[in-house]
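Here is how the chains run, residue by residue.
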Amino acid sequence: DSAVTPERFQGDAVLAQLEDFQLASVEHIFDRLYHGDANRFLVADEVGLGKTLVARGLIARAIEHLWDHQERIDIVYICSNRSIAQQNIDRLNVVQGRSFSLATRMTLLARQDQRLAGHKVNFVSFTPGTSFQLKSTTGISDERVLLYWLLHHLWGEAAVAAPGTHHLLRCGVADAS
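Residues numbered from 1 in each chain as written. Predicted model: local features only at pLDDT ≥ 70, side-chain atom pairs only at ≥ 80, totals over all residues. Heavy atoms only, no water.

A look at the nonpolar core
Okay, step 1: Counting 16 residues, the largest nonpolar core has I63, V94 and V121 as the members making the most contacts within it.
Okay, step 2: When contributions to this core are tallied by element, the ones reaching two or more residues are helix 3 (51–66), strand 1 (73–78), helix 4 (82–92) and strand 3 (121–126).
Okay, step 3: Not counting residues within four places of it along the chain, the set of residues in contact with V94 comprises F9, V14, R56, I59, A60, I63 and F123.
Okay, step 4: In this structure, V26, I29, F30 and V54 belong to the second largest nonpolar core, which totals seven residues. (Core = buried A, V, L, I, M, F, W, Y, C linked by side-chain atoms within 4.5 Å. Buried < 20%, exposed > 50% of the residue type's maximum accessible area, 1.4 Å probe, protein only. Helix = DSSP H or I, 4+ residues; strand = E, 2+ residues; numbered from the N terminus. Contact = heavy atoms within 4.5 Å.)

Written out as C-alpha cells, the structure reads:
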C-alpha cells in the first residue's frame, strides 16, 4: 500500500478561530453526537452568524476524535446548490493539503472510491440538484456504465452482452459511449 499515514490531526488551530458562542455550539453538538443520544443534528441560525464555521469546528473535532479509531474518515457535505458548495469547500477543509471531491452523483461515488483510498481524511460534496433529483428513470449514462461493469464482474461477459441486457443498459446511448 502506497498510502502514507499523515501526522495526527490536531483541531486546536481551527477551534481557536471560533467565537465563544460558535465554540459552545461545536462542543454541544459534538457531545450530543459522540457521547449522547443524537445521531443527527440541525444547526439553524440567522445569516452571518457562522453556521459554516460551526460546521468547520465540528469537522475538526470529529476528525480529532476518530483519528486513532478509524482507518479512513470520510466527511460528506450536502449543500443546497453547487455554487454555495464551491464557496464553502475551502472553509470546511480543515486538513491542509487535501481538497474536496465535488461528486456529481451519489451513485457514482463508487468510481471515486479509488481516488479517495489511501487518504486518511476525505471530503465529498453533494447537492440535491445533482444527486437526489431523478429526472429520468434510466439515470445518466455514467451510472449505467458503472452498472455494466459491476454486472460484468458478477455475471461474466456472456450475460452482460446478451441483447436484452445490452439494450437495457444502453437506453438510447451509442455503443461507443
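Some details on the side chain of R61
Okay, step 1: Residue placement: R61 occurs in helix 3.
Okay, step 2: For R61, a relative accessible area of 18% translates into the label buried.
Okay, step 3: A distance of 3.1 Å separates polar atoms of two side chains, one belonging to R61 and the other to E27.
Okay, step 4: R61 has contacts with L15, V26, E27 and F30, leaving out every residue within four places of it along the chain. (Polar contact = N/O pair within 3.5 Å; in protein donor to acceptor, adjacent residues only side chain to side chain.)

A word on the packing of aromatic side chains
Okay, step 1: In total, this model carries one aromatic pair according to the counting rule given.
Okay, step 2: When the ring centre of F30 is taken as origin, the NZ or CZ atom of R61, which lies over that ring, is 4.0 Å away.
Okay, step 3: In this structure, K120 is placed above the aromatic ring of W67, and the distance from its NZ or CZ to the ring centre is 5.1 Å. (Phe/Tyr/Trp six-rings, centres within 6.5 Å; stacked < 30°, edge-to-face > 60°. Lys NZ or Arg CZ within 6 Å of the ring centre and 35° of its normal.)

Comments concerning the layout of surface pockets
Here the idea is plain: a probe the size of a water molecule rolls over the atoms and shows the empty space left.
Okay, step 1: Considered as a void within the structure, the largest pocket measures approximately 950 Å³ in volume.
Okay, step 2: Lining the largest pocket we find 33 residues, and of these K51, A55, Y77, I78 and L92 sit closest to its centre.
Okay, step 3: Ranked by residues supplied to the lining of the largest pocket, first place goes to helix 3 with nine residues.
Okay, step 4: Residue composition of the lining of the largest pocket, by class: 24 nonpolar, five polar and four charged. (1 Å grid on protein atoms, 1.4 Å probe; cavity = no way out; pocket = protein on both sides within 12 Å on 5 of 7 lines; lining within 4 Å. Points joined across faces, edges and corners; volume = space filled by probe spheres on them. Nonpolar A, V, L, I, M, F, W, Y, C, P; charged D, E, K, R; others polar.)

Remarks on helix 7 (residues 141–155)
Okay, step 1: A rise of 1.5 Å per residue sets the reference length of helix 7, with its 15 residues, at 21 Å; its end C-alpha atoms lie 20 Å apart and thus fit the reference within 8%.
Okay, step 2: Residues of helix 7 that are buried: E143, R144, L146, Y148 and L151.
Okay, step 3: At the exit of helix 7 stands G156, carrying a positive phi of roughly 95°. (Expected span 1.5 Å × (residues − 1).)

What to know about helix 2 (residues 20–35)
Okay, step 1: An ideal rise of 1.5 Å per residue puts 22 Å on 16 residues; helix 2 measures up with 21 Å between its terminal C-alpha atoms.
Okay, step 2: Among the residues making up helix 2, those that are buried are Q22, V26, I29 and F30. For helix 2, the angular spread of buried residues about the axis comes to 100°, placing them on one side. The outward face of helix 2, more than 90 degrees from its buried face, is lined by the exposed residues D20 and H35.
Okay, step 3: Contacts from the buried residues of helix 2 go to helix 1 (12–16) and helix 3. (Arc of directions from axis to C-beta.)

A look at the pattern of salt bridges
Okay, step 1: Scanning all chains against the criterion turns up five salt bridges.
Okay, step 2: In this structure, E27 and R61 form a salt bridge, with 3.1 Å as the shortest nitrogen-oxygen distance. Of this pair, E27 sits in helix 2 while R61 sits in helix 3, and the two are 34 residues apart along the sequence.
Okay, step 3: Across the salt bridge formed by E64 and R61, the nearest N and O atoms sit 4.0 Å from each other. (Salt bridge = Lys/Arg side-chain N within 4 Å of Asp/Glu carboxyl O.)

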